[in-house]
Amino acid sequence: MDFNMKKLASDAGIFFTRAVQFTEEKFGQAEKTELDAHFENLLARADSTKNWTEKILRQTEVLLQPNPSARVEEFLYEKLDRKVPSRVTNGELLAQYMAEAASELGPTTPYGKTLIKVAEAEKRLGAAERDFIHTASINFLTPLRNFLEGDWKTISKERRLLQNRRLDLDACKARLKKAKAAEAKATCEGDTVPDFQETRPRNYILSASASALWNDEVDKAEQELRVAQTEFDRQAEVTRLLLEGISSTHVNHLRCLHEFVESQTTYYAQCYRHMLDLQKQLGSSQGAIFPGTFVGTTEPVSPPLSSTSPTTAVATMPVGPSVAGLAPPGEAALRLEVTPPASGTRKARVLYDYEAADSSELALLADELITVYSLPGMDPDWLIGERGNKKGKVPVTYLELLS
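Let us look at the structure shown here. All residue numbers here refer to positions counted from 1 along the written sequence of the relevant chain. Residues qualify for local features only when their pLDDT is at least 70, as the model is predicted, and side-chain atom pairs are given and counted only at 80 or more; totals for whole chains, interfaces and linings, by contrast, use all residues. To get the side-chain values, all heavy atoms of the structure are used, and hydrogens and water are removed first.

1. Side note on the packing of aromatic side chains
Piece 1. Any two of the Phe, Tyr and Trp rings considered here, Trp counted by its six-membered ring, make a pair once their centres fall within 6.5 Å; the pair's planes then place it as stacked at under 30 degrees, edge-to-face at over 60, or tilted in between. For the structure on display, the rule yields seven aromatic pairs.
Piece 2. Aromatic side chains F147 and W152 sit 6.4 Å apart centroid to centroid with 50 degrees between the ring planes, which places their arrangement in the tilted category.
Piece 3. Taking relative accessible area as the criterion, W152 reaches 10% and is therefore assigned buried.
Piece 4. An aromatic cluster is built from F132, F140, F260, Y267 and Y268, whose rings are joined through pairwise contacts.
Piece 5. Criterion for a charge above a ring: Arg CZ or Lys NZ at most 6 Å from the ring centre, at most 35 degrees from the ring normal. The ring of W52 has K55 sitting right over it, with the charged end atom 4.4 Å from the ring centre. Working definition: with a 1.4 Å probe on protein chains only, accessible area under 20% of the residue-type maximum means buried, over 50% means exposed, and in between means partly exposed.

Shown next, in the form of structure tokens:
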């Protein structure tokens, strides 16, 4: 019990000394040991790294989970060391609603069939989003969080300890300075020749005794200063090594950032493929859904010139690079009839502006009227459009076919 009380009294004395030194420094009444410029730069870089890591971490969490309530729930589960329950993504929930709507409204109707197709695509998008969130959380968020909760806490602890060591060092310096000033004053008074005729010669004896006491106080203050300087230098070296480790942290975060970009690229590529497949499915069934819509036929390609009558003229048009990937494998060109049958042509109104990708396509302007027709074996997502003496492929999705 006595030992604890002594330790408590000692800690209280040290705390009081540091508080006095800190207060005097704030009011400019005490000197402060300054760190070297390199050390200050390390401290500034560490603080900047911590601040930006926190901002990037928080915003990435918002990107992966926009719902603030869900983020709070996940945070509480992590703090309680409990597994975060699986959560349905927005895409998967939308797919569920669409599938239920199709079942209730009629899965055999055109609207119901389309709902089912879109629901399947949304379900795949939701699964891709789930995989992306999981991968990004492991490869990117976890390393950032580990730095803030691990390395940075260690650095902060050592910095606080270094601050205490510096306050102790400066307090010892101030104590030694005061002791030397008092010793010098006592020495000056002791050097005065006493007048033994006085009735109170004891003043000289007291001065000599005070000088000896201050000599002891100076020796004690110098010893405490050496110990404080040693502890400060040791703690400064430990803190410096930790701060220099921030460079390794940057390298680690750079690797994690590359992995995050790679996972994000994979996610958006999957989304693009799923939506492209859905667009093809909807385009191929457009004629069945809208009876008045003109679509391409699936008849075989016209026979070559040698097997046709001499009065039939046939020309070939190469497939542009933007459409070649959508054409069936091995199909190198589309055969265009120079004079299409009158029964196969339709008038169409352009819904949006369209810029031709190459010379095989026809550029479109919104609200203009063009003549369109299809060719045997042509991709159903495309038609041949004519405007004056210009002709080329046009996407069906940009047109409103008129009766």
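2. Looking at the sheet that holds strand β3 (residues 346-350)
Piece 1. At least two bridges found by DSSP between two strands is the condition for calling them paired. Elements are defined by DSSP. Helices are runs of H or I of four residues or more, strands are runs of E of two residues or more, and each kind is numbered from the N terminus. With antiparallel pairing, five strands are arranged side by side in an open sheet as β6-β5-β4-β3-β7. Each having just a single partner strand, β6 (390-395) and β7 (399-401) make up the two edges of the open sheet. Between one strand and the next, the sheet's axes are offset by a mean angle of 40 degrees, whatever the strand orientation.
Piece 2. Inspection of the sheet shows strand β4 (residues 369-373) paired to strand β5 (residues 382-387) by three bridges, in the antiparallel sense. Of the residues in β5, the one forming a bridge with Y373 is I384. For helices, the fitted axis covers only the stretch in contact; all axes are lines through C-alpha atoms, and the angles between them, taken along N-to-C directions, range from 0 to 180 degrees.

3. Overview of the side chain of S263
Piece 1. Along the chain, S263 turns up in helix α7 (residues 246-284).
Piece 2. Only heavy atoms enter the contact rule, under which two residues are in contact if any of them lie within 4.5 Å. Each residue touching S263, except ones within four places of it in the same chain, is listed here: F132 and T135.

4. Quick word on unusual backbone geometry
Piece 1. The residue D367 is not glycine, and still its phi comes out positive at about 75 degrees.
Piece 2. Along the polypeptide, D367 turns up in the loop between β3 and β4.

5. With respect to the layout of surface pockets
Piece 1. Residues are called lining when one of their atoms sits within 4 Å of a cavity or pocket point, these points coming from a 1 Å grid over the protein atoms alone, where a cavity is a set in which a 1.4 Å probe fits but cannot get out and a pocket is an open set with protein on both sides within 12 Å along at least five of seven lines. Grid points are joined across faces, edges and corners, and a volume is the space filled by probe spheres set on the points. Of the pockets and cavities examined, the largest pocket occupies roughly 1,300 Å³.
Piece 2. As for the largest pocket, its lining consists of 35 residues, and the residues nearest its centre are E74, E78, V84, I133 and S137.
Piece 3. The set of elements that each furnish at least two residues to the lining of the largest pocket consists of α2 (37-64), α3 (68-79), α4 (90-105) and α5 (110-190).
Piece 4. Per-element tally for the lining of the largest pocket: the top contributor is α5, with 12 residues.
Piece 5. Each residue is assigned to one class: nonpolar for Ala, Val, Leu, Ile, Met, Phe, Trp, Tyr, Cys and Pro, charged for Asp, Glu, Lys and Arg, and polar for all the others, Gly among them. Taken together, the residues of the lining of the largest pocket sort by class into 14 nonpolar, eight polar and 13 charged.

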